[in-house]
Structures are given as structure tokens and as C-alpha cells.
Amino acid sequence: MSASRRSGTTDELGPDGPEPGGAELLAALLDGMDAALCAFDADGVVTHWNREAERILGWSAAEAVGRRGFAGWAVRTADAEEVESRLLSAMEAQGRQVHEFALLTKDGGRVLVRTQSAAVRGGDGKPAGLYCAFSEVHAQIDLERSIALSEALFENASWGVVLVDADLRPAVANEHAARALGMGRTALLGRPLGELLGQGVEELESALSHVLAEGAPPAPAEMWLSVQASESGEPERRCWRSGFLRLASPLAEEPVPLGVAWLFLDVTEAKQTEQEAAQLRFRSQQLHRAARAAGECEDPIEAATVQLDFALAGFADHALIDLVAGGAGAAAGEEGPVRLIRVAATPAGAPGPCLPVAKAGLPVRYLEGHPAPQCVDRVGSVRTSAGTAPPERAREWAAARQWPEDSVHALCAVLRSRGRTLGVVTFLRSASRTQFERADAAYAESVAARVASSLDLAEALGAE
């Protein structure tokens, strides 16, 4: 009795009514459906009303079946005529009609519903009634919003979104992520992350595995990853601020992980700017500390080496001081190659303090084209590097230039004071550090200016 008051009502919806007992079968089918369903005969009288309709509006089948339209009970009186007209218009229309209007619940509340109505025709082709399926609009809107949000994330988001399956392989990726990874959206699907990323891929795979097992972390993580498919052909190192969400099937009783949503935003430029600012602050502090420490030294040569000790922290592994043979005027007054005499150096075997060397007064045998004499000739800094040469070749490269054997990158800065060239200071880095860059040259020149002032004072005292 939940869907029909009497078994004969089904005959009004078509010529081929159910066999005896068919009304009960139809009622059971209607009651088992997830959608709210009701039916009207040709006069607009309710003939069927299922359990979902009862759940949404609170009116039972016994209270609904037999009423004409919704007027006086399921809609406000002021809206009854319009609702009935829009609802019954489906009898004369072809196909389904979709409408939205407010219905009244049994307890007096209002529910906005979306209806889909279609005519039921008899054997003569004339309307015999209509059926109406309806649902709460807010549920439909929530679904549409979820779909729209998903599409917006994958099509228009300004960050990368990659759905990674349980095997840690991309299953879906948006356009932004495809551009960041350097290949098409379909080309990266199903490929191991190791084929897409180089440095840092182990950290990413560990994070994805953790999310699959334990759930999302409480905050985003910043990961430095190198992208294999870069325009230059070399892996490009980028910093991506990454967030993770574990995806589980909403249809299973127990959570079944479907994969992980990996969302990332490229913050490389911001991180590099932040690192450069921190480096600049640290170097400024080192110069300030060096000036204070050097001011306590009575010996100008000691003051110069103290300056280098502070400069080496976080900057280089070794430092050398070579002075122009014959004094400050020799660089400009003598013809031929510049001769340089080593006066201070850090230990060759391991990092340590810069100390004066034995004053034999013999020039260092630098080969033609060596960066140190070039620095004096140009009166400017010179950078050089062994690059990615094998270790044996790198040691030969350093030995040929009279540098410690672990040296791979070098930066020479000219020592000048009061318009005179005194010599050159050389900073050396091992293979564990990066090459010297332009910002490093600016810092080296600042250090060289302070060292030159101390050496100039030492020269003046020696002349006296």
C-alpha cells in the first residue's frame, strides 16, 4: 500500500496493465529506487508515491495517493496554480520536462526540488497520465559543484595536480603538471616517476608511500626535484611546494586506497631569492666579524689572514694570497709576464686557517694563461672550473695550476689599495660545492679589498 492505494490505479497509466499481482510488484520496484517518484493520471490525481518521496517530503503514500495535484498540501496556495500548470504541461510535451520549484514538507518546511516529468500515453496515443521523478536540488548542486571543482582543478588550476595510483604511477594529470614535467598529459600516464624526475625522486616516492599507508601530512613539504625532460636537455632542478591527499573509494564499506592526489606549486624563484638573501646576510655578518677580529691584530699580515678565515666559512675550501714580485708598482712598471710570490695559504690537505708561508721570495711558476696572472693583468676577478672532469683529470688540472689537488672550482680577485695592484687572492672549492657565480665574485672582491688594505699597511710598515 506504500506506492498505490488500490491495485486498479496502474490501469490508468497504459493499456497494458500488469497481470494480477503486478501492482504489488510495481510498488516494490518503485519503493526500491533511490529517486523520489510519483505518478498522476490524466486528471492530475496522484496514483503512485514511493518511499523516497515520503522520505523527502514526509507525506506517506496513504496520505498522498488520491489527491489531485499538490495544491493544498505539498505546495503553498499562492504557488499551486503555477506548479500544477508546469507539472501537467509534460502531458502535452514530447520528451522529459525539467523544472525546479519549492514543495512543502509535512511539518511545514520548504524543499527546493528539481523534477523530471514525462507523459504516459495510452493505446490511442492520448495522454493517460505522467510520471514525475524529483530530488532535492541542494544534493544535485553539491554534485555539480564537486564535478565542476574537479574539472577546474584539472583544467584551470595554477598549480600542478597529479593523481598517482597505488603503484606510484601517474593516472591523471592536469595541463599545468604536464608542462612542469615537460611532456604531454597522456605521455606521462602510467610511467614510473623515475622516468619523469631525477634528483629527489626517492624523497617523493617515500612521501607518496607514507600518504598511502598513514594519510596526508599536516603541512605542505618543499621538495627539490630535477625534471628529466627539460628544454636544455639537462635535468632542471626545481623546488616544488607539495601537498598530498589520500584518495579512497566512497563506495566501499572499508576505506580502499585508490591512490594519492599530489598537488604542487613551483616556488623555485622565491626559494632562490630567499636563499640569496640569507646568504647575503650571512656574508655581511662575516665581513663585520672579520673587521672586528682583524682590528685586534697587531701584525697586518695576521689581520689579512684573519679576514680570509672568516671569508672561507660557507664560501670556499681553500684560499691563497700571491703578491706581485717587486712591490705594488711592479705590476704596472715591468714588461713581460707578471711574477707572483705566495705569501699565505690554507693547508693543502684539509680545510684550515690561512697562514703565512715561508718567505723565500721565489715567484710561483704559473703557466701561461693561469687565472692568477690574468686577474692582475685585467685588474678584475677571474673564474675557472674543471667542470665535470673525472677525478683523475681534475687532480691533474689542479696540480698544473699549483693548487691543492681537491680543487675543482677557482675564483681569483685582484688585491688593490690606493689605486695600486698588490697581488691576487684565490678562492678554491672542491667537487662537493658548486661553481663560483657572479654574486660570489662580488663577495670575493669585497674580501679582497679588506685584505689589500691590511697588506698595504704591512708593506708601508716594512718600507719604514
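Everything discussed here concerns the structure shown above.
What this report covers is the structure whose coordinates are included nearby. (Residues numbered from 1 in each chain as written. Predicted model: local features only at pLDDT ≥ 70, side-chain atom pairs only at ≥ 80, totals over all residues. Heavy atoms only, no water.)

Check the secondary structure of the chain and you find 14 helices and 16 strands. Across the chain, the fraction of contacts at a sequence separation of at least 24, relative to all contacts at a separation of at least 6, is 53%. (Helix = DSSP H or I, 4+ residues; strand = E, 2+ residues; numbered from the N terminus. Contact = heavy atoms within 4.5 Å.)

Inspection of the entire model under this criterion finds 13 aromatic pairs. On the basis of an interplanar angle of 75 degrees and a centroid distance of 4.9 Å, the ring pair of Phe-315 and Tyr-443 is categorised as edge-to-face. Placement of the pair is Phe-315 in the loop between α10 (300-312) and β11 (318-324) and Tyr-443 in helix α14 (residues 438-463), with a sequence separation of 128 residues. The class for Phe-315 is buried, based on a relative accessible area of 1%. Owing to a relative accessible area of 7%, Tyr-443 belongs among the buried residues under this scheme. Three or more aromatic residues joined by ring pairs make a cluster, and in this case those are Phe-40, Trp-49, Trp-59, Phe-70, Trp-73 and Phe-134. Here the basic side chain of Arg-429 rests over the ring of Phe-315, its NZ or CZ set 5.3 Å away from the ring centre. The cationic tip of Arg-429 hangs over the ring face of Phe-436; the distance from NZ or CZ to the ring centre is 4.0 Å. (Phe/Tyr/Trp six-rings, centres within 6.5 Å; stacked < 30°, edge-to-face > 60°. Buried < 20%, exposed > 50% of the residue type's maximum accessible area, 1.4 Å probe, protein only. Lys NZ or Arg CZ within 6 Å of the ring centre and 35° of its normal.)

This part takes up helix α13 (residues 391-400). Looking only at α13, the buried set comprises Ala-394, Trp-397 and Ala-398. Seen from one end, α13 has its buried residues packed into an arc of 95 degrees, which puts them on one side. Buried residues along α13 sit in contact with β14 (382-385). (Arc of directions from axis to C-beta.)

Glancing now at the pattern of salt bridges. A complete count under the given rule lists 19 salt bridges for this structure. Two residues, Arg-241 and Glu-222, come together in a salt bridge whose shortest N-O distance is 2.6 Å. A residue pair is termed long-range when its members are at least 10 positions apart, and Arg-241 in strand β9 (residues 236-248) and Glu-222 in strand β8 (residues 221-227) qualify at 19 residues. Residue classification places Arg-241 among the partly exposed residues on the basis of a relative accessible area of 37%. Among the ionic contacts, a cluster of salt bridges with common partners joins Glu-222, Arg-241, Lys-271 and Glu-274. (Salt bridge = Lys/Arg side-chain N within 4 Å of Asp/Glu carboxyl O.)

This next bit is on the side chain of Thr-268. Relative to the elements of secondary structure, Thr-268 occurs in helix α9 (residues 268-295). What makes Thr-268 buried here is its relative accessible area of 0%. A distance of 3.3 Å separates the side chain of Thr-268 from the side chain of Arg-238, its partner in a polar contact. Among the polar contacts made by the side chain of Thr-268, one reaches the main-chain amide nitrogen of Cys-239 at a distance of 2.8 Å. (Polar contact = N/O pair within 3.5 Å; in protein donor to acceptor, adjacent residues only side chain to side chain.)

What you tend to see is this: most non-glycine residues have negative phi, and most peptide bonds are trans. Located in the positive-phi region is Leu-168, a residue other than glycine, with phi close to 60 degrees. Here Leu-168 is to be found in the loop between β6 (160-164) and β7 (170-173). The exposure class assigned to Leu-168 is buried, which follows from its relative accessible area of 15%. One non-glycine residue, Arg-418, adopts positive backbone phi at about 50 degrees.

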